[in-house]
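Per-entry structural report
The lines below spell out each chain.
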Amino acid sequence: MRLFDECKRISIYDLMRSGFLIPGSEKDIVISFEPMEDHPTEVSLHINTKHDQPYITFSYTVENLQIQYDIKIGTEPSQLNHVKCWSFVCPFTGLRCRKLYFSEAYFQHRKAINAIYSKQLLSGTQRKFVVQAEKIMSFGKILEKVNAPYFRKTYTGAPTRSY
């Protein structure tokens, strides 16, 4: 069984944050990955948002085979209705997603891949143990904050929230 944590992925957020998804523009970028067996090390993306139906052209080499295909991207209104959210439209499933995972020589929606998340390998008691350990670790951070020399126990006579 393959893990999503081990798959290479491309996120729409990373493209937005880097300034590559600007409406009415056309850009070429190259994304580099760590070398892995049967995975591309470099993926060339041609992002075209000038047309009515924007798309991204993926091109890379896997096992001496040159692969090139288009993935449509689209916008949909956010929950607040004042911002448009970008998303990929998977060519294999037709589903909208914000992350594409590499499997079987293509970047695809997670439902097109036979994979699981690493937390799904843990039993219920193991997951509870991880939650308890995270709480203990956060308690140590709170103690460090309270014992810091600049920490204020009160503000205008009232105790602060974190004390």
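Report on the accompanying structure. Quick caveat, the model's predicted, so the values are computed rather than measured.

What about the packing of aromatic side chains?
As enumerated under the stated definition, the model contains eleven aromatic pairs in all. Aromatic pair Tyr60 and Tyr69: ring centres 6.1 Å apart, planes at 85 degrees, arrangement edge-to-face. Here Tyr60 and Tyr69 have matching classes, each one buried. By the ring-pair criterion, three or more aromatic residues cluster together here, those being Phe33, Phe58, Tyr60, Tyr69, Phe92, Phe102, Tyr106 and Phe107.

Digging into the pairing of strand E4 (residues 42-48)
The pairing of strand E3 (residues 26-32) with E4 spans seven bridges and is classified as antiparallel. Its bridge partner being in E4, Val30 is matched across the sheet by Ser44. For E4 and strand E5 (residues 55-62), the ladder comprises five bridges, and the chain directions are antiparallel. Bridge assignment links Leu45 to a residue of E5, and that residue is Phe58. Between E4 and E5, which pair antiparallel and follow one another directly, the connecting turn spans six residues.

Section: the nonpolar core
Leu15, Phe58, Tyr60, Phe88 and Phe107 are the most contacted members of the largest nonpolar core, which has 23 residues in total. Contributions of two or more residues to this core are made by helix H1 (12-17), E4, E5, strand E6 (65-77), strand E7 (84-89) and strand E9 (99-103). When sequence neighbours within four positions are dropped, the list of residues in contact with Phe58 reads Ile10, Val43, Ser44, Leu45, Ile67, Gln68, Tyr69, Ile71, Leu100 and Phe107. In terms of nonpolar packing, the next biggest core, distinct from the first, is built from five residues, Phe4, Cys7, Tyr101 and Ile113 among them.

Cut-offs applied
- Residues numbered from 1 in each chain as written.
- Predicted model: local features only at pLDDT ≥ 70, side-chain atom pairs only at ≥ 80, totals over all residues.
- Heavy atoms only, no water.
- Phe/Tyr/Trp six-rings, centres within 6.5 Å; stacked < 30°, edge-to-face > 60°.
- Buried < 20%, exposed > 50% of the residue type's maximum accessible area, 1.4 Å probe, protein only.
- Pairing = 2+ DSSP bridges.
- Helix = DSSP H or I, 4+ residues; strand = E, 2+ residues; numbered from the N terminus.
- Core = buried A, V, L, I, M, F, W, Y, C linked by side-chain atoms within 4.5 Å.
- Contact = heavy atoms within 4.5 Å.

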